[in-house]
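Residue-level structure breakdown
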Amino acid sequence: MRSLMKVLLIVGLLLVVGFFQLILKGGDASRSGAGGPVGVVLLIAFFAAARAIWKYNPDASKSGDNQQLDKN
């Protein structure tokens, strides 16, 4: 179930980034390129976010503060 949710989040993120890429290109989908420097930054941010979504594990992040203190 978590893998399906991760895939859906990444696909949703891809749709949002694709929308912004289309806006950067001036609405002309036939133009090639990434939309200039801002488009390149968006693509790098997309790949970083997709990697973060895929590597996220909520079970590993619940370590808490369970360390016992030695009070003498």
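First, a word on scope: everything that follows refers to the structure included in this document. (Residues numbered from 1 in each chain as written. Predicted model: local features only at pLDDT ≥ 70, side-chain atom pairs only at ≥ 80, totals over all residues. Heavy atoms only, no water.)

**Describing the packing of helix 1 (residues 2–24) against helix 2 (residues 36–55)**
Axes are the key here: two packed helices are described by the angle between their axes and the distance separating the axes. Which entries qualify depends on this criterion: For every element, the axis is a line fit to its C-alpha atoms; helices are fit only across the contacting stretch, and the angle between N-to-C directions ranges from 0 to 180 degrees. Strands here are runs of E lasting at least two residues and helices are runs of H or I lasting at least four, both read from the DSSP assignment and numbered beginning at the N terminus. Should an angle lie under 35 degrees it is considered roughly parallel, over 145 roughly antiparallel, and from 65 to 115 roughly perpendicular; all remaining angles are considered oblique. Any two residues whose heavy atoms approach within 4.5 Å at even a single point are treated as in contact. Gly falls in the polar group here, along with every residue not listed as nonpolar (Ala, Val, Leu, Ile, Met, Phe, Trp, Tyr, Cys, Pro) or charged (Asp, Glu, Lys, Arg).
Closest axis-to-axis distance for the helix 1/helix 2 pair is 10 Å, and the angle between their directions is 175°. As far as their axial angle goes, helix 2 and helix 1 are roughly antiparallel. Each of Ser3, Lys6, Val7, Leu9, Ile10, Leu13, Leu14, Val17, Phe20, Gln21 and Leu24 in helix 1 lies in contact with helix 2, whose residues at this interface are Val38, Gly39, Leu42, Leu43, Phe46, Ala49, Ala50, Ile53 and Trp54. Looking at side-chain class alone, the contact of helix 1 with helix 2 contains 16 nonpolar, 3 polar and 1 charged residues.

**Examining the packing of aromatic side chains**
Here is the rule: Note on aromatic contacts: the rings of Phe and Tyr and the six-membered ring of Trp form a pair at centre separations within 6.5 Å, being stacked when their planes are under 30 degrees apart, edge-to-face when over 60 apart, and tilted otherwise. Lysine and arginine charges are scored as sitting over a ring when NZ or CZ, respectively, is within 6 Å of the ring centre and within 35 degrees of the ring normal.
Going through the model one piece at a time under the given rule, you end up with 2 aromatic pairs. Ring geometry for Phe19 versus Phe20: centroids 5.7 Å apart, planes at 65°, classification edge-to-face. Taking the ring centre of Trp54 as reference, the NZ or CZ of Lys6 above it sits at 5.6 Å.

**Section: the environment of Lys6**
As for its position among the elements, Lys6 is in helix 1. Sequence-distant contacts of Lys6, that is, excluding residues within four places in its chain, are made with Ile53, Trp54 and Tyr56.

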